[in-house]
Amino acid sequence: MTPRRKKHLTNWGLNALTYAVLIVMLSPILWLIASSLQTRGQLASGDYDLLHPTVSAFKQMWESVDFGKYLTNSLIICTAAALLATAFAASAGYALARLPFRGQKAFGVGVVGTQLVPGSMFLLPVFLGFIWLKQNTPIHLFDTHIGMILIYTAFFTPVAIWFMRYFFLAIPPELEEAAMVDGCTRFGAFWRIVLPSAAPGLVATFVYAFLLAWDELLFVTALTANRAETIPVGIHNFIGNYSEEYAQLMAAGVVSTIPVMLAFFATQRWLVQGLTAGAVKG
Amino acid sequence: MRKSRTTALMAVALAVLSFFVAACGSSSDDAGNNDTKSNSNAAPAKDLKGQTVRLWIMNNGPKPVADTQNIVAPFEQKTGIKVKVELVGWDVQLDRIRNAAVSGEGPDVTQAGTTQVPFFAALGGFENVQDKVSQIGGASAYAPGIWKTSQVEGQDGTWGVPWFTEARTIYYRKDALQAAGVDPKTAFSSQEALKATLEKLKAVKDIGGKPIAPFGGPGKKAYDLVHNLMPWVWDSGGAELSSDNKKSTINSPQAVQGVKFATDLVGAGLWDKSMLERDGQQVEDQFKGGRLAVFIGGPWVLQSAKRADDDTWSAAARKNVGVAPMPGGANSKGFTFIGGSNLMVFKSSQHKDAAWALIKYLSDDKVQAQYANLMGMFPARLKPQEAEGTVDADHEAFYAAIKDQGRSYAPIAQWAQVENAYKNQFGQILDEAAGKGQLSDQDIQSGLDKAAKEADGLLAQSAG
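Now for a look at the structure at hand.

Rules used in this analysis
Residues numbered from 1 in each chain as written. Chains lettered and ligands numbered in written order. Predicted model: local features only at pLDDT ≥ 70, side-chain atom pairs only at ≥ 80, totals over all residues. Heavy atoms only, no water. Helix = DSSP H or I, 4+ residues; strand = E, 2+ residues; numbered from the N terminus. Buried < 20%, exposed > 50% of the residue type's maximum accessible area, 1.4 Å probe, protein only. Polar contact = N/O pair within 3.5 Å; in protein donor to acceptor, adjacent residues only side chain to side chain. Core = buried A, V, L, I, M, F, W, Y, C linked by side-chain atoms within 4.5 Å. Contact = heavy atoms within 4.5 Å. Buried area = accessible area lost by both parts, 1.4 Å probe. Salt bridge = Lys/Arg side-chain N within 4 Å of Asp/Glu carboxyl O. Nonpolar A, V, L, I, M, F, W, Y, C, P; charged D, E, K, R; others polar. Pairing = 2+ DSSP bridges. Right-handed = clockwise from strand over helix to strand, strands pointing away. 1 Å grid on protein atoms, 1.4 Å probe; cavity = no way out; pocket = protein on both sides within 12 Å on 5 of 7 lines; lining within 4 Å. Points joined across faces, edges and corners; volume = space filled by probe spheres on them. Axes fitted to C-alpha atoms, helices over the stretch in contact; angles between N-to-C directions. Parallel < 35°, antiparallel > 145°, perpendicular 65-115°, else oblique. Expected span 1.5 Å × (residues − 1). Bend = angle between axes of the 7 residues up to and from the residue. Phe/Tyr/Trp six-rings, centres within 6.5 Å; stacked < 30°, edge-to-face > 60°. Lys NZ or Arg CZ within 6 Å of the ring centre and 35° of its normal. Left-handed = near helix turned anticlockwise from the far one by under 90°.

**Considering the overall build of chain B**
The secondary structure content of chain B amounts to 20 helices and 13 strands. Here chain B, with 464 residues, has 58% of them falling under the buried criterion.

See below:
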């Protein structure tokens with residue numbers, strides 16, 4: 001076998017392996033979509049009719065469960081929390097990367113340290129705190145959008161700070177120095193020069209926080225009652241003690257995946273660029 | 001350095017500002033709730049008009065909120081009380097109701113599973129409605145087994161009002177029995193008759209070219225596995241707990257024989273082993289799809305056969321579905337589990353009188369029948385139950401099951417945990433039967449000993 005042919009065969013084998021892995025990875029999503037286009041009876045019996053899909057489950061899912069409410073709540077809470085976490089992380093990450101201050105190292109370690117404690121440890125104190133606030137002050141956080149936004153912001157900001165710190169470290173300090181020589185203040189240089197340069201990192205951080213919040217179940221189950229429930233809670237309502245609406249469950253799964261897919265594909269370029277930059281340029 | 005400090009201060013100020021914006025926003029977000037509270041405070045005690053009662057329900061049927069809202073519409077028109085029906089998934093309802101009870105932040109009324117009532121009542125967050133139940137006929141308006149689900153062992157009071165009832169009984173395929181040459185009237189008259197019927201059904205490999213198994217029941221994945229196996233234990237003279245509810249008796253020789261009846265069906269190939277990997281709904285769908293000749297199900301299955309939009313039914317299964325009472329054991333008439341849901345009023349409710357008015361309305365015989373029909377359940381009250389039981393022979397079988405064969409568990413706060421311990425061991429025993437075939441008494445005894453040990457630990461812990 002000639003070296004060229006050997007190389008050709010190796011490439012072909014690797015390509016085949018790549019596609020095989022891709023198919024395995026995509027198969028749950030394809031199965032989800034195919035199932036959402038079947039009737040409840042077809043899913044129950046396993047007799048899929050892929051040639052005659054139906055969208056009836058997509059119509060019924062809005063009637064049997066108030067899915068619109070869960071979708072809206074998820075979009076509001078996750079977008080706001082991801083925006084706030086990114087904003088705070090940009091400020092704190094910049095300070096950690098560029099502005100030496102007393103206790104900087106301890107602060108940095110503290111930020112990482114928060115990730116070592118399981119989130120569930122905070123559930124009871126946060127729950128009791130929310131209830132106390134509601135019963136003793138005009139600040140109502142239990143079962144409100146604002147409550148969930150604050151919780152998710154608090155949870156995802158530490159890891160976002162660490163992300164952003166690496167992105168800022170990757171930007172040459174000479175750029176800011178040149179801006180300040182030209183008359184910019186420190187904040188002006190941060191706002192006009194550093195932030196635009198760190199745009200991929202900001203996008204990556206935002207999408208990362210958004211995805212984490214989108215799937216969170218434990219806290220939203222405990223800290224909401226009816227008004228601020230998000231999709232992970234709402235989607236369970238298709239499963240009852242006396243009936244399970246499989247087709248509608250699958251349709252709800254597809255609908256709830258769309259915003260995540262859109263967020264990912266719309267920002268894919270910056271996301272990949274941002275995550276790799278943050279990973280290697282520390 | 002000075003500029004660095006300024007930037008850091010700005011970042012802190014931004015964070016503080018965001019918090020205050022958030023806090024202010026939360027007040028407006030919750031405005032609706034405040035309005036409700038101030039209305040209730042302003043209203044005279046007896047004037048209930050204009051109050052809003054929040055009612056938590058679980059997904060009981062295909063359109064749970066819309067159906068319930070329709071049921072309460074005449075009540076709203078008549079009394080001027082608004083009912084806000086809110087859906088809570090069965091998966092999260094235990095956490096939600098418990099959190100609401102301990103925190104005081106919940107609705108006015110909630111649906112609760114009958115076996116959950118003692119647990120919730122023990123939390124102390126629910127109203128004792130003992131002094132009001134005479135307005136709805138009191139205990140005499142309900143079957144004793146159903147009324148018992150509103151009580152708590154060792155406490156004098158009534159913590160819930162039964163809303164709707166379900167019982168499990170035998171479903172069979174008439175055409176399959178005909179093919180096997182078995183008379184439906186005697187096919188399920190006793191446990192021995194059931195076994196003999198299944199043996200004959202085993203020879204019927206298919207109906208109309210579609211393969212069919214004699215019997216199927218769910219395994220460890222079924223949330224209600226204990227409800228499915230306890231009837232065999234009760235039939236054998238066993239019980240879940242001692243008479244004082246202080247010790248587990250799930251490892252008694254009688255209980256071993258009860259569980260053995262089930263595992264013998266698996267071992268003899270009469271119980272389709274593949275069903276043990278499914279949950280209750282999936283097994284139900286297998287029966288409806290025509291793959292099982294016999295299974296044990298609730299009244300909602302019968303109701304769904306009449307719904308043309310339920311396409312899980314195969315034409316043959318829908319046409320040939322039959323219902324029979326549960327078979328009796330050697331020394332018993334045959335037991336079955338009766339459950340359903342009760343309505344409970346939160347102590348923290350700001351509208352207790354309006355909440356009770358709603359419960360009174362939902363306890364009306366006609367409304368009970370209407371709601372139960374919508375969901376394919378049985379009403380909780382005796383009178384509408386009796387009326388429902390005369391609709392046809394199938395409904396009669398369910399009525400007989402509720403009236404004569406129905407049994408539930410001890411009304412103790414620890415039951416939910418004990419049931420979970422039993423469920424895990426029952427699931428393992430059935431798995432073992434699927435793997436090994438016939439299980440010996442010793443095999444089963446060993447599994448049930450573990451369940452009893454765990455249950456005793458839970459009972460001792462809670463008691464202490």
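**Here we look at the side chain of A:Glu245**
Residue and element names in this part refer to chain A. With respect to the element layout, Glu 245 can be found in the loop between helix H12 (231–234) and helix H13 (246–266). Glu 245 sits in the buried class, given a relative accessible area of 14%. Of the polar contacts made by the side chain of Glu 245, one reaches the side chain of Arg 40; its length is 3.4 Å.

**A word on unusual backbone geometry**
Excluding glycine, residues mostly carry a negative phi; peptide bonds, for their part, are mostly trans. Of note in this structure, A:Asp143 is not a glycine but carries a positive phi near 60°. Within the fold, A:Asp143 resides in the loop between helix H6 (123–136) and helix H7 (145–169). A relative accessible area of 2% places A:Asp143 in the buried class. Of note, the phi angle at B:Asn245 is positive, near 60°, even though the residue is not glycine. When you line up the elements, B:Asn245 lands in the loop between helix H10 (225–235) and helix H11 (253–267). Judged by relative accessible area, B:Asn245 falls into the buried class, the value being 14%.

**Here we look at the nonpolar core**
Membership of the largest hydrophobic core comes to 129 residues, with the highest contact counts inside it found for A:Tyr152, B:Tyr171 and B:Leu362. If you look at the next biggest cluster of nonpolar residues, it comprises 61 residues, including B:Ile296, B:Ala421, B:Leu430 and B:Ala451.

**Digging into the interface of chain A and chain B**
With 52 residues of chain A in contact, the opposing surface of chain B contributes 55 residues. Across the interface of chain A and chain B, roughly 4,500 Å² is buried in total on both sides, 54% from carbon and sulfur atoms. Our count for the contact surface shared by chain A and chain B stands at 5 salt bridges. Counting residues per element, the ones that place at least two in the side of chain A that touches chain B are helix H2 (40–45), helix H3 (56–64), helix H4 (67–98), H6, H7, helix H9 (186–197) and helix H11 (218–223) of chain A. Ranked by the residues each element gives to the side of chain A that touches chain B, the list is headed by H2(A), at 5 residues. The residue inventory of the side of chain A that touches chain B, partitioned by class, reads 25 nonpolar, 19 polar and 8 charged.

**With respect to the pairing of strand E2 (residues 82–87) of chain B**
Two faces, one strand: in a regular strand the side chains alternate between the faces of the sheet. Residues and elements named next belong to chain B. By the bridge criterion, 6 bridges tie strand E1 (residues 52–57) to E2 in an arrangement that is parallel. Directly across from Trp 56, in E2, lies its bridge partner Glu 86. What joins E1 to E2 is helix H3 (residues 64–79), and the crossover it makes is right-handed.

**Quick word on empty space enclosed by the protein**
Following the criterion strictly, the structure yields 4 cavities of 30 Å³ or more and no others. Lining the largest cavity are A:Ser64, A:Val65, A:Asn237, A:Phe238, A:Gly240, A:Ser243, A:Glu245, B:Asn59, B:Gly61, B:Pro62 and B:Pro64. Residue composition of the lining of the largest cavity, grouped by class: 4 nonpolar, 6 polar and 1 charged.

**Details of the pattern of salt bridges**
Per the counting criterion, the structure on display carries 27 salt bridges over all chains. With its nearest N and O atoms 2.3 Å apart, the salt bridge here joins A:Glu229 to B:Arg96. Highlighted residues: A:Glu229 in the loop between H11 and H12 and B:Arg96 in helix H4 (residues 90–103), drawn from two different chains. Take A:Glu229 and B:Arg96: they sit in the same class, and that class is buried.

**Notes on the environment of A:Trp162**
All names here are of chain A. Examined against the element boundaries, Trp 162 turns out to sit in helix H7. Trp 162 gets classed as partly exposed once you look at its relative accessible area, which sits at 25%. Considering only alpha carbons, one finds Trp 162 and Thr 205, 43 residues apart in sequence, at a separation of 9.9 Å. Trp 162 has contacts with Leu 96, Gly 108, Val 111 and Val 112, leaving out every residue within four places of it along the chain.

**Quick look at the packing of helix H9 (residues 191–203) of chain B against H11(B)**
Residue and element names in this part refer to chain B. Direction vectors running N to C along H9 and H11 enclose 10°, while the axes themselves pass 12 Å from each other. With respect to H11, the axis of H9 lies roughly parallel. Side by side, H9 and H11 meet where Gln 191, Leu 194, Lys 195 and Leu 198 of the first sit next to Phe 261, Asp 264 and Leu 265 of the second. Considering only residue class, the contact of H9 with H11 consists of 4 nonpolar, 1 polar and 2 charged.

**Considerations on helix H1 (residues 3–36) of chain A**
Structurally, the α-helix is built with 3.6 residues per turn, so residues lying three or four positions apart point the same way. Residues and elements named next belong to chain A. Over its 34 residues, H1 extends 49 Å from the first C-alpha to the last, a length consistent with the 50 Å expected when each residue adds 1.5 Å. In the structure, H1 departs most strongly from a straight axis at Leu 26, where the bend amounts to approximately 40° and where the proline Pro 28 lies between one and four residues downstream. Of all the residues in H1, the buried ones are Leu 32, Ser 35 and Ser 36. Residues of H1 that are buried in the fold lie against H2, H3 and H13.

**Points about the packing of aromatic side chains**
Residue and element names in this part refer to chain B. Tallying each qualifying case throughout the model produces 42 aromatic pairs over all chains. Taking the centre distance of 5.9 Å and the plane angle of 45° together, the rings of Trp 234 and Tyr 409 count as tilted. Of the two residues, Trp 234 is situated in helix H10 and Tyr 409 in the loop between strand E13 (406–407) and helix H19 (415–436); the sequence distance between them amounts to 175 residues. Residue Trp 234 is classed as buried on the basis of its relative accessible area, which comes to 2%. Aromatic ring contacts, followed pair by pair, group Trp 234, Phe 335, Phe 337, Tyr 409, Trp 415, Tyr 422 and Phe 426 into a single cluster. The ring of Phe 335 carries Arg 407 above its face, with NZ or CZ at 4.9 Å from the centroid.

**Regarding the packing of H3(B) against helix H16 (residues 365–375) of chain B**
Axes are the key here: two packed helices are described by the angle between their axes and the distance separating the axes. Residue and element names in this part refer to chain B. Following both chains from N to C, one finds H3 and H16 inclined at 165°, their axes separated by 11 Å at the closest point. Overall, the two elements H3 and H16 adopt an arrangement that is roughly antiparallel. Crossing geometry of H3 relative to H16 is assigned as right-handed. Here Asp 67, Thr 68 and Ile 71 of H3 come into contact with H16, specifically with Val 367, Gln 370, Tyr 371 and Leu 374.

**What to know about the pairing of strand E11 (residues 336–345) of chain B**
Residues and elements named next belong to chain B. Counting buried residues in E11 gives 10 out of 10 residues, a clear majority hidden from the surface. Pairing of strand E3 (residues 109–113) with E11, which is carried by 5 bridges, proceeds in the antiparallel orientation. Residue pairing in the sheet places Thr 110 in a bridge with Met 344 of E11. Relative to E13, E11 is paired through 2 bridges, and the arrangement is parallel. Bridged to Phe 337 within E13 is Arg 407.

**Digging into the sheet that holds strand E5 (residues 169–173) of chain B**
Residue and element names in this part refer to chain B. Ordered in space as E8-E9-E5-E10, the 4 strands form an open sheet in which the pairing is mixed. The outermost strands of the open sheet, each flanked by one partner alone, are strand E8 (213–215) and strand E10 (321–324). Neighbour-to-neighbour, the strand axes of the sheet open up by a mean angle of 25°, direction not taken into account. Note: E8 against strand E9 (residues 292–297), 2 bridges, orientation parallel. Following the sheet pairing, Ala 213 is matched in E9 by Leu 292. Sheet contacts for helix H12 (residues 280–288): E5, E9 and E10; angle to E9, the most-contacted strand, approximately 140°.

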